Each structure stands twice: as C-alpha cells, then as structure tokens.
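These are the residues of each chain, in order.
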Amino acid sequence: MQQERIELIRPQMGTARALTVRRYGTQGKGPKAYLQAALHADELPGVIALHHLEILLKTAEENNQIKGEIVVVPFANPIGFTQYVDMKPLGRFEMRTGQNFNRHYPDLCKELIAVVDGKLGQDPDANVECVRVELRRLIKEHRVNAGPLTDLEDLRLTLAELAIDADYVLDLHCDWEAAIHLYTSDSSWPDAADLSAQIGAEACLIAEESGANPFDEAFSRPWVELRRVYGDKFPIPMATLSTTIELRGEQDVYDHLASQDAKNLFAFLQRRGVIAGDPGPLPQAKCTATPLAGVDRVTATHGGMIVFSVDAGVHVKAGQELGYVLDCETGDKTPFSSRTDGFMYARVGGRLVVPGGLLCSVAGPKALPGREGLLLTAR
C-alpha cells in the first residue's frame, strides 16, 4: 500500500487542507478501481465501510491477490469536514458559495469528441486506451487553462484527476433515512446489475444525465457521448462503470453494517478481476433498474411537523397515505402520498418542513409527467 497526501490550494492565510489517497496493487497494471467516501462530508457510512474494506485490501495485497490497481480516498471532502453551524456538521454544500460538493465536475465531452477524431479504429481495446490517454491529457489541460482556482475547484479537479481513467468508480454516499440504493447511467445497465445485487441494493436509479455534472457522471458521460457520436463507425465499449452508492441513512454508522458492505465491495472487485479469488455466488437481486425520471419526490403543501406512517424501504401504492404534515397552530393535518406505485427508498431525517419541502422519494417503474430532461436529484 502506498499512501499519498495531496495538499489543496490554501483558501486563506494560515489555512491548509489535504486529501489522503491510498493505492493498492500496481499503477497501470490490470483494471483500475477508484473508491471514495464523504464527498458530502456529513455522510459517514461510506467512510466506515472503506475503513473495513481497507483491512481486507491490506491482507489481499500481502497475499499478492490484487491483480489491478485500487485507489481509495477514505474521506473526499476536507473542506466540508470543517463546516459546522450550531454544533451541526454541514457537509453537503460549501458555505462560501452555496454549491453542492457533488456537482460541477469537469465536463470533457466536447473536447474529447474533437481530439479523438481520426484516432479511433476497429479494435475496441485500442479505442479504450486511446480515449484514456486523451482523458488524462485533457484533465491536466483543464487545470492549466482554468486560471486561479478556489479550494473547492481544486478539490473537484484533484478528485477528477484521480478517477479519470478508472474502469470502476464507486462514490459512497448515504441519504437521510434510506434503504441501500444506487445511481448509474442508462448505458451502464445491465452491466451494473451484479454490483446492485452484490451490495443488496433495493433501488437502482438510472439516467444518462441528471443535471449539473455530478461526480459519477463526469466519468460515465464521456463514454456515453463518444458512443453517440462515433458508435456507428467504431466499437467503443462503455469502459467506465461509474456509480453513486447510497449506503442507507446518515445515522447508519455501525461496524456490523460496514463490515458487510466492505465484504460486498471486495466481492464485486473479485468478480470484476481487480482482486484474485472466488467471490462466491452472486446474491439474488432485490430490484431491477428503474428510470430516475420515475422517482416521485413527494413534497409538503404547507409548513409544519412531519408524522410518517411508513418507514423508508417499503413498497407503496399510488395514493396510499405515507404520513401527514401537522400544523400545530391550526390543528390541520394534511396527508401526503405518492403519485406512483413504487419503492419508498428514502425519507427526510428532520421532522420540520416548509412549503414545498421534500418529504420522501418513491421509485416508480416509468417516467412521471414533467420529470423528463434534467433531473437534479438529491444525491
């Protein structure tokens, strides 16, 4: 194992932040997997899952079982780790700009499409290598041409540089109160079905583009766009499986859960040839993929106190009462429900809501009216 500390740009006098990066296996040899946690710095189940995974990786490396390269960033957001208000960590948005830490990653699609023109052929493996050479070059040029960077911009670029040429990008998050679920590209399904089954995902939400270029899409969309432009002429695999994995809810920080999550991630890496050994039989899938546009994000019609009658992680029917919002001043109770049959994979963690505030999310089997196009999900 090699450990690296990457210093980020100092945002102000007397301050310093850094990323810790650990590498297992041999750089440039075999398939590459990139895993990170806590990009939203108050989402910690992924941090403890990677802690347990690294115990397994160290043993695997000692036994010469790592056939490829594994890059682990155990906490991906040192900026968010320092943001507290009234003793509460605020790790989803940068407080200076209000920007989501999981948005606005470098979009290299247009430049990539232009620079590979005339360089692709009929060998899919050669095409993958050609594209990755250009991606590594373009991300470095992006830094050079960006001009003065803020620490947030530097963080985004640094993470992108670490993951840009990976075969597998696994970004570990969590929701407020939730079942395990994941997000990935339409073009990565059903390739991601074994990952979904292995981790026990109860919802798998797919979209080519959800809006504002979140971390996972920064690595899947270049392949999607290349295939769209050149796919009729040249064989271009969907060479990067990039996902956001939501490991239950923000309070689900337990060794017994994290240990099992780590074993599942390890088994996935074995099944994909990154680590040697028998991953065992693939668990039976708990779900199939459904469109992100099929998610009904149930919202409140007025402010008040949320009283749920249904837990996260259950199947519900359209129109079924999922709870109510209580206005204690007037005594009004307003029930809420989903517009679709589906799986209620997440609900909010707080119990106060303002008009239009999110209450819960239900994954339905098909797109809902008005949900086409850019989706800007909660991830």
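Calculation notes
Residues numbered from 1 in each chain as written. Predicted model: local features only at pLDDT ≥ 70, side-chain atom pairs only at ≥ 80, totals over all residues. Heavy atoms only, no water. Helix = DSSP H or I, 4+ residues; strand = E, 2+ residues; numbered from the N terminus. Expected span 1.5 Å × (residues − 1). Buried < 20%, exposed > 50% of the residue type's maximum accessible area, 1.4 Å probe, protein only. Contact = heavy atoms within 4.5 Å. Pairing = 2+ DSSP bridges. Salt bridge = Lys/Arg side-chain N within 4 Å of Asp/Glu carboxyl O. UniProt positions renumbered as here; feature names shortened; annotations may be inferred. Phe/Tyr/Trp six-rings, centres within 6.5 Å; stacked < 30°, edge-to-face > 60°. Lys NZ or Arg CZ within 6 Å of the ring centre and 35° of its normal. Core = buried A, V, L, I, M, F, W, Y, C linked by side-chain atoms within 4.5 Å. Disulfide = S-S within 2.5 Å. Axes fitted to C-alpha atoms, helices over the stretch in contact; angles between N-to-C directions. Parallel < 35°, antiparallel > 145°, perpendicular 65-115°, else oblique. Left-handed = near helix turned anticlockwise from the far one by under 90°. Nonpolar A, V, L, I, M, F, W, Y, C, P; charged D, E, K, R; others polar.

Asks: Teacher, can you tell me more about helix α7 (residues 255–271) here?
Replies: Because the α-helix completes a turn every 3.6 residues, residues three or four places apart line up on one side. Under the 1.5 Å per step criterion, the end-to-end length of α7 is 24 Å for 17 residues, consistent within 8% with the ideal 24 Å. All of the buried residues in α7 are Leu-257, Ala-258, Asp-261, Ala-262, Asn-264, Leu-265, Phe-266, Ala-267, Phe-268, Leu-269 and Gln-270. For α7, the elements touching its buried residues are β3 (32–37), α1 (45–62), β4 (69–73), β7 (168–175), α5 (193–199) and β11 (241–249). Two residues or fewer past α7, Gly-273 is found with a positive phi of approximately 80 degrees.

Asks: Explanation requested: the sheet that holds strand β17 (residues 333–336) in the structure shown.
Replies: In sheet architecture, strand pairing relies on hydrogen bonds along the backbone and comes in two forms, parallel and antiparallel. Read across the open sheet, the 4 strands follow the order β17-β16-β14-β19; overall the sheet is antiparallel. If you trace the sheet from one side to the other, it starts and ends with β17 and β19 (352–353), each paired once. As paired elements, strand β14 (residues 304–308) and strand β16 (residues 323–326) share 4 bridges and run antiparallel to each other. Note on β16: the bridge partner recorded for Phe-308 is Gly-323.

Asks: Just to check I follow, could you spell out the pattern of salt bridges for this structure?
Replies: A side chain with one charge can pair with a side chain of the opposite charge if their charged atoms come near. Under the defined criterion, the tally for this structure stands at 26 salt bridges. Across the pair Asp-151 and Arg-17 runs a salt bridge whose closest N-O atoms are separated by 2.9 Å. Here Arg-17 lies in the loop between β1 (2–7) and β2 (18–25) and Asp-151 lies in helix α4 (residues 151–163), a separation of 134 residues in the sequence. Glu-43 is paired through a salt bridge with Arg-92; the nearest N and O atoms lie 3.8 Å apart.

Asks: How should I be thinking about the UniProt feature "domain: Succinylglutamate desuccinylase/Aspartoacylase catalytic" (unreviewed entry) in the protein chain in this particular structure?
Replies: Residues annotated in UniProt with the feature "domain: Succinylglutamate desuccinylase/Aspartoacylase catalytic" (unreviewed entry) correspond here to residues 30–107. Taken end to end, residues 30–107 has its terminal C-alpha atoms 26 Å apart, with 23% of it in helix and 19% in strand.

Asks: Would you take a moment to explain the packing of aromatic side chains for this structure?
Replies: Here a ring pair, both rings aromatic, is described through the centre-centre distance and the interplanar angle of the planes. The tally for this structure, following the rule as stated, stands at 7 aromatic pairs. Judged by centre distance (5.2 Å) and plane angle (85 degrees), the ring pair of Tyr-105 and Phe-215 falls under edge-to-face. Placement of Tyr-105 in the loop between β6 (88–89) and α2 (109–115) and of Phe-215 in the loop between β10 (203–206) and α6 (217–230) is noted, with a sequence separation of 110 residues between them. Considered together, Tyr-105 and Phe-215 belong to a single accessibility category, that of buried residues. Where Phe-308 meets Phe-336, the ring centres are 5.8 Å apart and the plane angle is 90 degrees; that geometry is what we call edge-to-face. One end of the pair, Phe-308, is in strand β14; the other, Phe-336, is in strand β17, and 28 residues separate them in sequence. With respect to burial, Phe-308 and Phe-336 carry one shared label: buried. Here a set of aromatic residues connected by ring pairs shows up, and it is made of Tyr-34, Tyr-105, Phe-215 and Phe-219. One cation-aromatic arrangement involves Arg-347 over Phe-308; the distance from NZ or CZ to the ring centre is 4.5 Å.

Asks: When you look at unusual backbone geometry in this model, what are you seeing that I'm missing?
Replies: Excluding glycine, most residues fall at negative phi; most peptide bonds, likewise, are trans. Residues Trp-189 and Pro-190 are joined by a peptide bond in cis, for which omega reads 15 degrees. In this fold, Pro-190 is placed in the loop between β9 (181–184) and α5. Phi at Met-87 takes a positive value of approximately 70 degrees, unusual for a residue other than glycine. Mapped onto the fold, Met-87 is located in the loop between β5 (84–85) and β6. A positive phi angle, close to 65 degrees, is found at Arg-248, a residue other than glycine. Here Arg-248 is to be found in strand β11.

Asks: Hey, could you run me through the nonpolar core in this one?
Replies: Among the nonpolar cores identified, the biggest contains 44 residues, and Tyr-34, Leu-159, Phe-215, Trp-223 and Leu-226 are the most heavily contacted of them. Put simply, the parts of the chain that give this core at least two residues each are β2, β4, α2, α3 (124–145), α4 and α6. For this core, the element with the most residues is α4, which contributes 7 residues. Core analysis: the second largest hydrophobic core is formed by 35 residues, Ala-60, Leu-170, Ala-262 and Leu-265 among them.

Asks: Explain the state of the cysteines here, please?
Replies: Note: disulfide means a covalent bond formed between the sulfur atoms of two cysteine side chains. Summed over the entire model, instances satisfying the criterion amount to 0 disulfides. Residue Cys-174 stays outside any disulfide, its sulfur separated by 17 Å from that of Cys-360, the closest cysteine. Assessed through its relative accessible area of 3%, Cys-174 is described here as buried. Look at Cys-360 and you get buried, because its relative accessible area is 1%.

Asks: Where do I start with the packing of α1 against α7 in this structure?
Replies: A pair of packed helices is captured by two measures, namely the crossing angle of their axes and the spacing between those axes. Relative to each other, α1 and α7 sit at 50 degrees, their axes nearing to 8 Å. Considering their axes alone, α1 and α7 lie oblique with respect to each other. Handedness of the crossing formed by α1 with α7: right-handed. Along its contact with α1, which presents Ile-48, Ala-49, His-52, Leu-53, Leu-56, Leu-57 and Ala-60, the element α7 presents Asp-255, Ala-258, Ser-259, Asp-261, Ala-262, Lys-263, Leu-265 and Phe-266. For the contact of α1 with α7, the per-class residue count stands at 10 nonpolar, 2 polar and 3 charged.

Asks: What exactly am I supposed to notice about the sheet that holds β11 here?
Replies: The strand order across the open sheet built from 9 strands is β1-β2-β4-β3-β7-β11-β9-β10-β12, with neighbouring strands paired in mixed fashion. Where the open sheet ends on each side, the last strands, each with one partner, are β1 and β12 (289–291). On average, adjacent strands in this sheet sit at an angle of 25 degrees to one another, irrespective of strand direction. Pairing of β3 with β7, which is carried by 5 bridges, proceeds in the parallel orientation. By the bridge assignment for β7, Tyr-34 is matched with Val-169.

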